[in-house]
Amino acid sequence: MKTIRRLIYVEVLQAVAFVSLGFLALFFFFDFVDELPNVGKGIQPYRLTQALLYVALRVPSHLYELLPIAVLIGTIFVMARFAQSSEYTILRTSGLGPWRALRALLLLGFGFTVLTVLTGDYLTPLSDRTGQLLKARMNGGLYVGSTGAWLKERQRYYSYNVNVRSLSPEGQLQGIRIFEADSRGYLVSLTQAARGNFADDGAWVLQDVDRTEFTDGDSARVQHARLPTLRWPTEITQEMVAVALLKPERMSTIALFQYIQHLEANSQTSQRYEIEFWRKVFYPLSCLVMVVLALPFAYLHFRSGGITSYVFGGVLIGISFFLLNNVFGYIGNLQNWVPWVAAGAPGLLYTLLSLGAFGWLVLRR
């Protein structure tokens, strides 16, 4: 059995690597063409080499998105080729029953699941953040919308609404506004700073500060002060600011969980981030579903003709899974579905489809 498993694993790995390389080359070309109009523009001229580097830094995110599809197409190709050449019939007579074949493919799918997790949680966030900072050097900073990023924090007696216009390529905060309110919701102070840095203990060190304090009651007055520096203790970390400026799908699972906890602690909606968190949890498991879905192709009976139609069918199934996964995320966010249901429904549907195909083509026939 070790020889049989080695044969299947080597063939599938080679096919998946070939499919992944083809898809990545295609996306690399599309991204590069999309970046060409930006070459020569920006505060610092955007060079062609920088465009190539930025496109290369986007490869891990594409790999993360394409791995389940590549696993499906590559495994279908191998299984269909085995069936066409009668190799799989020989393997069956050598003792490779349906359940042994299923266990072997599930073990291989688990390896792809681990690779997807490592790519999505470690390699992709790092490369995306590096790419965004590279683009920030061209634009003068990392922005979101016209007003920047908004964050909220509750402390013991006061609540704070924080606006950061941009994050510099060196990780420095720019265009900071801090609105401080008391327990009644009344505005207590407004602090504006041209820039700021993160201290070692997590506090913000603001520079070129304009601070306005509002006092109500019988002696209502407004006090204005200008300070060269101001230290503001907070639990809003640099990672949270970067999260608010980046798309949630570019975050790691741990960063998403921490940001969701922060939003819930400050009574902010976290539906979008919860759906993305559960998608991060369920998406790598789709590699297991894909190898099960590909196994019935080994039991098809044909001797002549190519296997192009079967590979094309695999492409369509993979694209439909990718589209359905995105559609359920958008619909779940709009309809306020339970986050894990919105994220896990596509995988559950394709699991039922793969088990149905396995039961009909493999066990019944």
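Refer to the structure presented above.
Here's a quick rundown of the structure. Note that the coordinates shown come from a computational prediction; the quantities given were computed from them, not determined experimentally. Throughout this document, residue positions are counted from 1 along each chain, in the order its sequence is written. Whole-chain, interface and lining totals are the exception, using all residues; otherwise, since this is a predicted model, local features are given only for residues with pLDDT of at least 70 and side-chain atom pairs are given and counted only at 80 or more. Side-chain descriptors were evaluated using all non-hydrogen atoms of the structure, hydrogens and water having been removed beforehand.

## Side note on the overall build of the protein
Rules: The helix and strand labels rest on DSSP assignments: H or I over at least four residues marks a helix, E over at least two residues marks a strand, and numbering proceeds from the N terminus. Each residue is assigned to one of three classes by its accessible area relative to the maximum for its type, calculated with a 1.4 Å probe on protein chains only: buried under 20%, partly exposed between the two thresholds, exposed over 50%. Should any heavy atoms of two residues lie within 4.5 Å, those residues are considered in contact. Surface accessibility in these figures is a Shrake-Rupley result with a 1.4 Å probe; residues are shielded only by whichever protein chains are displayed.
For the protein, the helix and strand inventory stands at eleven helices and six strands. The proportion of buried residues among the 365 residues of the protein is 45%. Excluding contacts between residues fewer than 6 apart, the proportion of contacts in the protein whose partners are at least 24 apart in sequence is 64%. As presented, the protein carries roughly 19000 Å² of accessible surface, and 61% of it is formed by carbon and sulfur atoms.

## Points about the sheet that holds strand 5 (residues 204-215)
In plain terms, the rule: In this analysis, strands are considered paired if DSSP registers two or more bridges between them. Helix axes use the C-alpha atoms of the stretch in contact, all axes being lines fitted to C-alpha atoms, and the angles between their N-to-C directions lie in the range 0 to 180 degrees.
The strand order 1-2-3-4-5-6 describes an open sheet built from six strands, whose pairing is antiparallel. The open sheet has two edge strands, strand 1 (149-154) and strand 6 (221-232), and neither has a second partner. Put simply, the sheet's adjacent strands are angled 15° from each other on average, direction ignored.

## Some words on a nonpolar patch on the surface
Quick note on the threshold: Only residues whose relative accessible area exceeds 30% and that take part in no salt bridge are eligible for patches, with like-charged residues grouped when within 9 Å of each other and nonpolar side chains (Val, Leu, Ile, Met, Phe, Trp, Tyr) grouped when within 5 Å. The salt bridge criterion pairs a side-chain nitrogen of Lys or Arg with a carboxyl oxygen of Asp or Glu, the two atoms within 4 Å.
On the surface, Leu-26, Phe-29, Phe-30, Val-33, Leu-36, Val-39, Leu-48 and Leu-52 cluster together into a nonpolar patch covering about 670 Å² of accessible area. At the level of elements, helix 1 (2-35) and helix 2 (48-57) are the ones that each hand at least two residues to the nonpolar patch. Looking at which element gives the most residues to the nonpolar patch, the answer is helix 1, with four residues. Structurally, Val-33 can be placed in helix 1. According to the relative accessible area criterion, Val-33 is partly exposed, its value standing at 40%.

## Let's talk about the packing of helix 7 (residues 253-265) against helix 8 (residues 271-282)
Applied cut-off: Here the angle decides the label: under 35 degrees means roughly parallel, over 145 means roughly antiparallel, 65 to 115 means roughly perpendicular, and every other value means oblique. In this scheme the handedness of a crossing depends on how the near helix is turned from the far one: anticlockwise by less than a right angle means left-handed, clockwise means right-handed. Residues are grouped as follows: nonpolar covers Ala, Val, Leu, Ile, Met, Phe, Trp, Tyr, Cys and Pro; charged covers Asp, Glu, Lys and Arg; every other residue, Gly included, is treated as polar.
Contact geometry for helix 7 and helix 8: axes closest at 9 Å, N-to-C directions at 155°. With respect to their mutual orientation, helix 7 and helix 8 come out roughly antiparallel. Where helix 7 crosses over helix 8, the two elements pack in a sense that is left-handed. Taking contact as the criterion, the partners of Thr-253, Leu-256, Phe-257, Tyr-259, Ile-260, Leu-263 and Glu-264 in helix 7 are, on helix 8, Tyr-273, Glu-274, Glu-276, Phe-277, Lys-280 and Val-281. Split into classes, the residues belonging to the contact of helix 7 with helix 8 amount to eight nonpolar, one polar and four charged.

## What to know about unusual backbone geometry
Positive phi outside glycine occurs at Asp-208, with the angle close to 55°. Even without being a glycine, Asn-336 presents a positive backbone phi close to 60°. Along the polypeptide, Asn-336 turns up in the loop between helix 10 (308-335) and helix 11 (339-364).

## Regarding the environment of Ala-193
Its location among the elements puts Ala-193 in strand 4 (residues 187-198). For Ala-193, a relative accessible area of 6% translates into the label buried. With sequence-adjacent residues up to four places away left out, Ala-193 is seen in contact with Gly-175, Ile-176, Leu-206, Gln-207, Asp-208 and Val-209.

## Section: a positive patch on the surface
Counted only if it meets this: By the counting scheme adopted, Arg and Lys are positive, Glu and Asp are negative, and His together with the chain ends is not counted. Here the site of a charge means atom NZ of a Lys, CZ of an Arg, CG of an Asp or CD of a Glu.
A cluster of basic side chains, namely Lys-2, Arg-5, Arg-6, Arg-100 and Arg-103, defines a positive patch on the protein surface. Counting residues per element, the ones that place at least two in the positive patch are helix 1 and helix 5 (98-139). Relative to the helices and strands, Arg-6 is located in helix 1.

## Comments concerning the packing of aromatic side chains
In plain terms, the rule: Centres within 6.5 Å are what make two rings of Phe, Tyr or Trp a pair, Trp counting through its six-membered ring; a difference in plane orientation under 30 degrees is then read as stacked, over 60 as edge-to-face, and the rest as tilted. The criterion for a charge sitting over a ring is simple: Lys NZ or Arg CZ within 6 Å of the ring centre, and within 35 degrees of the ring normal.
Counted by the stated rule, this structure contains twelve aromatic pairs. Plain terms: the ring middles of Trp-150 and Phe-179 are 6.1 Å apart, the flat faces sit at 20° to each other, and that makes the pair stacked. Of this pair, Trp-150 sits in strand 1 while Phe-179 sits in strand 3 (residues 173-181), placing them 29 residues apart in sequence. Linked through ring pairs, Tyr-64, Tyr-283, Phe-321 and Tyr-350 together constitute an aromatic cluster. When the ring centre of Tyr-273 is taken as origin, the NZ or CZ atom of Arg-272, which lies over that ring, is 5.9 Å away. Across from the ring centre of Tyr-64, 4.6 Å away, lies the NZ or CZ of Lys-280, which sits over that ring.

## Notes on helix 8
Filter applied, for reference: Here the expected span of a helix is defined as 1.5 Å times the quantity of residues minus one.
For helix 8, which comprises twelve residues, the first-to-last C-alpha distance of 17 Å matches the rise-based estimate of 16 Å (1.5 Å per residue) to within 8%. Every buried residue of helix 8 is accounted for by Gln-271, Tyr-273, Ile-275, Glu-276, Phe-277, Arg-279 and Lys-280.

## Describing helix 9 (residues 286-294)
The buried fraction of helix 9 is high, at eight of nine residues. Every buried residue of helix 9 is accounted for by Ser-286, Cys-287, Val-289, Met-290, Val-291, Val-292, Leu-293 and Ala-294.

## Considering the side chain of Asn-326
Note the following rule: Within 3.5 Å is the distance limit for a polar contact, defined as a pair of N or O atoms, with the added protein rule that one can donate a hydrogen and the other accept it, and that residues adjacent in sequence qualify only through two side-chain atoms.
For Asn-326, the location among the structural elements is in helix 10. Exposure remark for Asn-326: the relative accessible area of 19% places this residue in the buried category. Reaching out from Asn-326, the side chain makes a polar contact with the side chain of Arg-279 at a distance of 3.0 Å.

## As for the environment of Ala-225
Its location among the elements puts Ala-225 in strand 6. Given the relative accessible area of 32%, Ala-225 is considered partly exposed. Distance in space between the C-alpha atoms of Ala-225 and Asp-210 is 6.0 Å, their sequence separation being 15 residues. Beyond its immediate stretch of four places on either side in the chain, Ala-225 contacts Val-209, Asp-210 and Arg-211.

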